[in-house]
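Here is what each chain is made of, one letter per residue.
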Amino acid sequence: MGKLRGSDFVSIKDFSPKDLQKIIVFSLDLKKKEKAGEKTKILQGKSLALVFEKPSTRTRISFEVGMYQLWGHAVVLEGAFEREDVKDVAKTLSRYVDGIVIRTFGHEKVIKLAEAATVPVINGLSDLLHPCQAMADVLTMFEQKGDVSKLTVAYVGDGNNVCNSLINAADVFNFKLKLAIPEGYDPKVTSKNASIVRDPAEAVKGADVVYADVWASMGQEKEKEKRKKIFAPYQVNAKLMKAAKPDAIFLHCLPAHRGEEVMPEVIDGPQSKVFDQAENRLHVQKAILALLLAA
Ligand code: CP
Ligand code: NVA
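Residues numbered from 1 in each chain as written. Chains lettered and ligands numbered in written order. Predicted model: local features only at pLDDT ≥ 70, side-chain atom pairs only at ≥ 80, totals over all residues. Heavy atoms only, no water.

A word on the site of ligand 2. Close to ligand 2 lie L125, N160, N161, V162, D213, V214, S217, M218 and L254, which account for all nearby residues. At 2.6 Å from a nitrogen atom of ligand 2 is found a side-chain nitrogen or oxygen belonging to D213. One of the backbone N or O atoms of M218 is found 2.8 Å from an oxygen atom in ligand 2. Within the complex, 95% of the 270 Å² of free accessible area of ligand 2 lies under protein. Taken together, the residues that form the shell around ligand 2 break down as five nonpolar, three polar and one charged. (Near = heavy atom within 4 Å. Polar contact = N/O pair within 3.5 Å; in protein donor to acceptor, adjacent residues only side chain to side chain. Areas by Shrake-Rupley, 256 points an atom, 1.4 Å probe, with all protein chains shown as cover. Nonpolar A, V, L, I, M, F, W, Y, C, P; charged D, E, K, R; others polar.)

The structure is reproduced here in structure tokens:
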């Protein structure tokens with residue numbers, strides 16, 4: 001497995017479509033090996049720093065466990081930017097570790113860190129993008145439905161970080177993305193394969209995948225009540241799922257708010273694949289780590 005073209009994974013657009021395909025194929029291979037109890041020591045002696053300015057369950061644990069499964073080591077750092085400049089953090093960490101994952105608010109901080117670091121930087125979520133999530137989403141869609149270029153995905157809700165990276169993924173992996181997003185909350189990214197249709201029922205018509213995320217992302221807590229009113233018609237419930245293909249699956253990056261963007265009957269129902277999707281964060285990130293960090 002050769003090295004990836006880009007040395008950072010700040011955005012899906014940092015890698016060529018060929019490299020992104022390679023990540024999906026490699027993550028399937030790593031997943032198979034892990035399930036078979038076969039040990040892969042490709043990151044033996046390598047260290048990863050995980051820098052967090054926001055909470056995390058999936059990102060933190062999947063990166064830590066992923067490093068462990070590849071015989072590497074992960075260190076978590078919180079509050080680093082409260083004490084010193086992002087460039088100083090980047091330069092210092094680059095002397096200790098072989099890669100850095102950052103989860104923060106403004107996307108500029110991810111860029112600044114990547115520019116100053118001399119080791120690969122992976123975006124573990126910014127206000128603009130969540131590329132590792134979108135890669136796990138593609139892996140999940142492939143496993144559940146096969147050739148993703150034949151799929152229609154309906155994203156219902158806020159045009160946020162998860163949505164932006166899903167649009168980037170639609171562009172690269174050539175699936176059709178229909179976006180049911182209220183005016184004023186449009187995504188910051190465009191693609192020839194993504195169209196804003198606004199109406200949730202219209203978006204899910206003929207969809208193979210229905211995707212939801214929270215209405216108020218981390219950092220938008222003050223807008224929560226206002227957003228609840230605006231996004232109320234964008235709830236994924238049994239009625240909306242019925243308007244999609246009968247065999248459609250439901251995806252959500254998690255954490256989810258039952259009773260808001262998704263009803264329990266959907267997220268806890270048979271069409272929901274959200275925990276396969278959460279699991280795939282581990283496998284896809286192991287592939288990204290191996291390709292960026294392995295000697
Ligand atoms: N989906 C996701 O990134 O989850 P966490 O916020 O728990 O990391
Ligand atoms: N849009 C959500 C995703 C969480 C994984 C947020 O940024 O809070």
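In the vicinity of ligand 1, the residues found are S56, T57, R58, T59, R103, H130, Q133, C253, L254 and R281. One of the side-chain N or O atoms of S56 is found 2.6 Å from an oxygen atom in ligand 1. Between ligand 1 and L254, the relevant distance is 2.9 Å, taken from a nitrogen atom to a main-chain nitrogen or oxygen of the residue. For ligand 1, whose free accessible area comes to 250 Å², the fraction covered by protein is 96%. Considered class by class, the residues forming the shell around ligand 1 number two nonpolar, five polar and three charged.

Attention now goes to unusual backbone geometry. Put simply, L254 and P255 share a cis peptide bond, and its omega is 5 degrees. Structurally, P255 is set in the loop between β9 (249-252) and α11 (264-267). For R198, which is not glycine, the phi dihedral falls at a positive 70 degrees. Within the secondary structure, R198 sits in the loop between β7 (194-196) and α8 (200-204). Classification of R198 as partly exposed rests on a relative accessible area of 25%. Although it is not a glycine, L254 sits at a positive phi angle of roughly 65 degrees. Its place among the elements puts L254 in the loop between β9 and α11. Its relative accessible area of 11% is what places L254 among the buried residues. (Helix = DSSP H or I, 4+ residues; strand = E, 2+ residues; numbered from the N terminus. Buried < 20%, exposed > 50% of the residue type's maximum accessible area, 1.4 Å probe, protein only.)

Right, let's talk about the sheet that holds strand β4 (residues 121-123) for a bit. Pairing within the open sheet is parallel, and its four strands lie in the order β2-β1-β3-β4. At either margin of the open sheet sits one strand with a lone partner, and together these are β2 (73-78) and β4. On average, each strand axis in the sheet is inclined to that of its neighbour by 20 degrees, with strand direction left out of account. In this sheet, strand β3 (residues 99-103) lies alongside strand β1 (residues 47-52) in parallel orientation, the contact comprising five bridges. Counted as the bridge partner of F52 is R103 from β3. (Pairing = 2+ DSSP bridges. Axes fitted to C-alpha atoms, helices over the stretch in contact; angles between N-to-C directions.)

Here we take up the pairing of β2. As defined by bridge partners, β1 adjoins β2 across six bridges and the pair is classed as parallel. Following the sheet pairing, A49 is matched in β2 by V75. Crossover connection from β1 via helix α2 (residues 58-69) to parallel β2: handedness right-handed. (Right-handed = clockwise from strand over helix to strand, strands pointing away.)

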